[in-house]
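Each chain, written out:
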Amino acid sequence: MSVGIIGREAELGIVTRFLDSLSTGPAGLVLQGEPGIGKTTLWVGAVGQARRRGFRILACRPAAVETQLSYASLADLLGDLPAAVLGSLPDPQRRAIDVVLLRSDPEAASPDRRATGAALLSIVERLADDGPVLLAIDDLQWMDTSSVQAIGFAVRRLRSPVGVLAALRIGEHDDPGPLVRLPDPDRMRHLRVGPLSLGALHGVIRARLGQSLPRPAMVRVQQVSGGNPFYALELARTVGDGRASGPVWPLSTDLAHLVRDRVGRIPAGVQQALLAVAALADPTVEAVQLAVRIDSGEVDRLLENAERAGLIRLDGHRVQFTHALLAAGVYAAASPGDRRAMHRRLAAGPVDLEERARHLALGAVRADQETAAALDEAADRARRRGAPAAAAELLDLAVELGADAPERRIRSAQHHFDAGDPVRARTMLEEVVAALAPGRLRAEALRLLATLRLHDDDYREAASYLQRALDETGTDRWLRVRILIELLYVLVNLGRIPDANQLTGSTVADAEGLGDPGLLANALAGAVMIRFLSGGGLDEPTLRRALELENRDVPAPIMLRPSLISSLLLGWTGRLDQARDQLVALRRSCLDRGEESDLMFGAFHHVIVECWRGNLAEAHLIAEDTLERAWQLGTGLPFAVALSTHATVAAYAGRTDEARRAAREALVIFERGSCLAVTVWPTITLGFLEVSLGNYEAAAATLGPLVGAATAMGYGEPTAAPFAPDAAEALIAVGRLDEAAALVEQLERNGRRLDRAWALALGARCRSLLLAARGDLDAASDAAERSLAEHERLPMPFERARTQLVLGRIQRRRRLKRAAATALQDAVRVFDELGTPLWAARARADLERVGAGHSGGTELTPSERRVAELAATGMTNRDVAAALFISAKTVEANLARVYRKLSIRSRAELGHRMAAAPHRETPDSSR
C-alpha cells in the first residue's frame, strides 16, 4: 500500500490490479468523484506505484486556465522525452511534435492535427517496446481540446502494454469522452471514489493539520463533509481557530462557502499574488512579480506566507495551488474589475502569443483593435500548429467581444469543421450566407458548405452550393479555381462526366496564372482523369507535370492528389506493379500523418489492384486492417468503403455469405448519399460473386443495368466499366446474345482504339463465349487464343486463368481432350495458388469431365501464409505490421488462425513448420 494514503485500501487494490493487467495489453482506469474527494491523492499514489515498478511515465496535470490553450497538456506529457525517441519518428510526425513542443516555427511546418495523434501513438508504442508505459492525466476535465483529440486518437489504437490513468471530476464532465476509449472497451474500468470513513478522516486531519479533534467535533466534521477529505480539512481548520465550536456550528456550511471564507482572510497583497497564479497557465515567481509590480523580496515573502498557509506549493521557481478548488476560489473571490486588470497586466508580460491574446480578451469589455488583431494572430498560429479547435475558440472570443465580421465567422467555421464539429460549422456558415449579399465572401462560405455536404455524402447538394459559389467569385481567380477543382470531383462522382469535361479547359487555364503550384497540380491531374474517363486516352505528359508540381507535405484531400490519380490511371492502363508501388507509398504517407479517412479511400483502390495482380494475401490483409480502422473512426462512409473492400476480397476468396452480406451493408450506407461512383463497386462485387457461383440469371439482373448507366454517364474508357466482361458472360449464359454482342463489340472497339490490353483480352474472351454460344467452336477457340495472347502483356493471373477455363471448355466440346486438359490443369493450378476456391472448383469439375484429376489446395489462406512467413523469420508482430502496412492487431488475428490450423503454440514451432513447408512463390509485398 502506498505510504501516506489513508483509508483507501480497496481503491489501492484496484489500482494494483490495473497495473498488473498491463502485462496482457492496454488497459485504462478512470478515477471519478466530486471535487475534493481524493481523486488526485489516489492518482499520485498510482503514479508512484507504477514508477516503483519501472514503468515509463508520461504525465500531465492540466489546470482550468489551460483549457483553451492548444496542446498545453500534450506538451506536458512529452516534455521529457529523449531526443532519440523523437528522432526515430517519420518526418511528418516529428515535425508535428516539434511544433507542439514549440521547437520549430509552425509557419514552416503547418502539421495536420492527425499527424500529431499518429506521432503520439508511435512514441507510446516505441516506449512500450522496453516495458509498460503509463499515460497519467489528472483533472481530465480541464485538458485542452487539441490535446484531447491527439491523445484520444492514440488511445483508441493502443496494442502494447500501455495504461491510461485519468482523474475526472464528477459534475459537468461525467463522460470522459473519446480520450479513454480503448480498442477493447472491457479493458477500461471506471472507479467511483467515494467518501472516507470517520476513522480515516480523523487520520487525514491528524496527518495534514497536526491536530486531533474531539470525537463530537470529528463526528460533526464527518456529517457536514459527507466524508469528503478536502471539505473535512477545511471544516477542521474552522474548529481549530475557534470559529465553529459548540452546538451552533451550522450544518448548512458548504465547501464553496468555506473556500471563499478562507480566501477572504488572506491579506490583500497575498490575494493579488495568488490571483496572478490562478490566471497564469504556467505560473512562476518571476511572472507573478511582473504582474503584481513589487520587488522580488516582497513577492518571495508573499508566496512563502501562502505556502505556509497550505494554499500553494513552491517547486523551484514554479508555483502551484495545493488544490484546484483553491485556485478557483481565489479567482472567484476577486472582483470582475480586479480580474480584468490582472489579465491586462499579464498580457504585457513574457507569455506565449496565444496566452497573451486570451489575457487581452479576458481583460477587455469589448474588442479593441489590438485585442481583435491579437486573437486573429493567435488563431492563425494555433491553426498552423495543427490545433483547429483552439483556433476556432480564439476567433469565437473575438466575435463574443463585438468583433463580429463575416470573414472571422467563415474562418471560425472552417476551424470548427477541421476540429471535428461539422454541425457547429454548418450552422455558422448558413447564418453567414443568409446575412451576406452575393459576392466573394458569400462564395467562400458556399464553398465551405459544399465541403460539409460532401462530409455528409450529399454530392447533389454540394454541387448546388458549388455552382452558386462559382457565380459569385467575381475577380477572385484563386477562389474560382478552388471551386472548379472541387466541382470537377463532385460531378465525376455524380456520374456527370460530360459536364465535368466541359469545365476542365477553363479550370486549367485559370490555374495556370495563379502562381500556386499545388492548385495547378490538382487542376491538371483532375483534367487528365476526366479526359481519361471520357475515353480520350491517358495524357501522360500532363500527368507527369502534375506530379512534379504536387507538394506532398501540404495536407490535401486524397481524392484530389495527383499521386493518387496517377496510381489509379496506372492500374487502369494495366501497369499494376507501378500502381501498387504508388499506392503503398500513399498508404505509408497516410499512416505517418494519421490520415485514416484518406487511408480508407486509398485502401479500397489498393485492394482492387492487389486482386487484379493476383496477390489476394495482401489484399485480404489490407481489407481486414481497413475494416478495423473503420470501426475506430466510427462514421458511416468510411465504414461503407471498408465493407465494400472486405466484400471484394471475400468474393474472390469464395466466402459467399460474408461477401454478399458486406456488399449489401455497404450499399445500404452508400444509397443514403448520392455518390454514384462508390455505389457501383458493391454492385460489381455482387455481380462477380453470382458469376463465380454460376448464378447467371442473378448476375445479369445485377450487372445489366450498369451497362446502360455507364454509357449515360459519359464513360468512354473501357477500364472505367470493369463490370463489362462479367455482364457480357452473364448475358451470354442466359441467352441474351444480342445485348451481349453489343457490349462485346464496344469492349473490343475501345480496346483497339486505345490499345487497352485489358479490354482486348477480356473482350476476346467474351467474344469466344459468344461464338461458342452460337455454335461456332473453331472461331470461339481462335478468339480464346487471341485473348491469351493479349494476356501476355496484362499482369492479371486470375483473369488469364478464367480465359484458360473458357478455352479448356471449348476444346472439350471440340473433343480435343489433351488440349482441354492442359488448359484446365493450368487454370486449376492458378486458381488454387491464388486462393480462389469457387473458380478452382469449377475448373476442377471440367477437368474431371475430360478424365484428369488435380490435387487440393493448401491449408493456410494466402494472407495467413504471408504473415506466417514473415513471423517465422523472427520478426515481431509490429515489424510484420510495418512491413505489410497493416495494424499489429491484424497480424495477431492472422497468427492466431495460423496457430490454430497448424496446431502449434509458439514462434519456434512456426519457424520449423514454415521451413518444412514446400516453398511457393508469393508476390513481394515489401516493394
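Before reading further, recall that the structure is shown in the block above.
These numbers were taken from a predicted model, which means no experiment stands behind them. (Residues numbered from 1 in each chain as written. Predicted model: local features only at pLDDT ≥ 70, side-chain atom pairs only at ≥ 80, totals over all residues. Heavy atoms only, no water.)

**Observations concerning a negative patch on the surface**
A cluster of like negative charges, contributed by Asp 295, Asp 300, Glu 304 and Glu 307, occupies part of the molecular surface. Note that Asp 295 resides in the loop between helix H14 (285-292) and helix H15 (296-308). (Patch = residues over 30% accessible without salt bridge, like charges linked within 9 Å, V, L, I, M, F, W, Y side chains within 5 Å. Areas by Shrake-Rupley, 256 points an atom, 1.4 Å probe, with all protein chains shown as cover. Salt bridge = Lys/Arg side-chain N within 4 Å of Asp/Glu carboxyl O. Lys, Arg positive; Asp, Glu negative; His and termini not counted. Charge placed at Lys NZ, Arg CZ, Asp CG, Glu CD. Helix = DSSP H or I, 4+ residues; strand = E, 2+ residues; numbered from the N terminus.)

**Here we look at the packing of aromatic side chains**
Taken as a whole and judged by the stated rule, the model has 9 aromatic pairs. A centroid spacing of 6.0 Å and a plane angle of 75° characterise the contact between Phe 688 and Phe 798, whose relative ring orientation is edge-to-face. Placement of Phe 688 in helix H35 (residues 676-693) and of Phe 798 in helix H41 (residues 797-813) is noted, with a sequence separation of 110 residues between them. Exposure remark for Phe 688: the relative accessible area of 6% places this residue in the buried category. Ring pairs connect the aromatic residues Tyr 652, Phe 688, Phe 798, Phe 831 and Trp 839, which therefore count as one cluster. Lying across the ring of Trp 839, Arg 842 places its NZ or CZ 4.6 Å from the centre. (Phe/Tyr/Trp six-rings, centres within 6.5 Å; stacked < 30°, edge-to-face > 60°. Buried < 20%, exposed > 50% of the residue type's maximum accessible area, 1.4 Å probe, protein only. Lys NZ or Arg CZ within 6 Å of the ring centre and 35° of its normal.)

**Describing helix H10 (residues 215-225)**
Within the sequence span of H10, burial applies to Ala 217, Met 218, Val 221, Val 224 and Ser 225. Burial along H10 is one-sided: seen end-on, the buried residues are contained in an arc of 135°. Projecting away from the buried face of H10 at angles above 90 degrees are the exposed residues Arg 215 and Pro 216. Phi for Gly 226, located one or two positions after H10, is positive at around 65°. (Arc of directions from axis to C-beta.)

**Quick notes on the sheet that holds strand S3 (residues 133-137)**
The sheet built from 5 strands is open, its strands ordered S2-S3-S4-S1-S5 with parallel pairing. Looking along the sheet, the strands with just one partner apiece sit at the ends: strand S2 (56-60) and strand S5 (188-192). Pairs of neighbouring strands in the sheet enclose a mean axial angle of 15°, with direction left out of account. Along the sheet face, helix H7 (residues 113-128) touches S2, S3 and strand S4 (162-169) and points at about 135° away from the line of S3. (Pairing = 2+ DSSP bridges. Axes fitted to C-alpha atoms, helices over the stretch in contact; angles between N-to-C directions. Contact = heavy atoms within 4.5 Å.)

**Concerning the packing of helix H21 (residues 406-418) against helix H22 (residues 422-435)**
At their nearest, the axes of H21 and H22 sit 7 Å apart, and the two run at 160° to each other. The angle between the axes of H21 and H22 places the two elements in the roughly antiparallel class. In terms of crossing hand, the pair formed by H21 and H22 is left-handed. Together, Arg 409, Ile 410, Ser 412, Ala 413, His 416 and Phe 417 of H21 and Pro 422, Arg 424, Ala 425, Met 428, Leu 429, Glu 431 and Val 432 of H22 make up the contact between the two elements. A breakdown of the residues in the contact of H21 with H22 according to their chemical character gives 8 nonpolar, 2 polar and 3 charged. (Parallel < 35°, antiparallel > 145°, perpendicular 65-115°, else oblique. Left-handed = near helix turned anticlockwise from the far one by under 90°. Nonpolar A, V, L, I, M, F, W, Y, C, P; charged D, E, K, R; others polar.)

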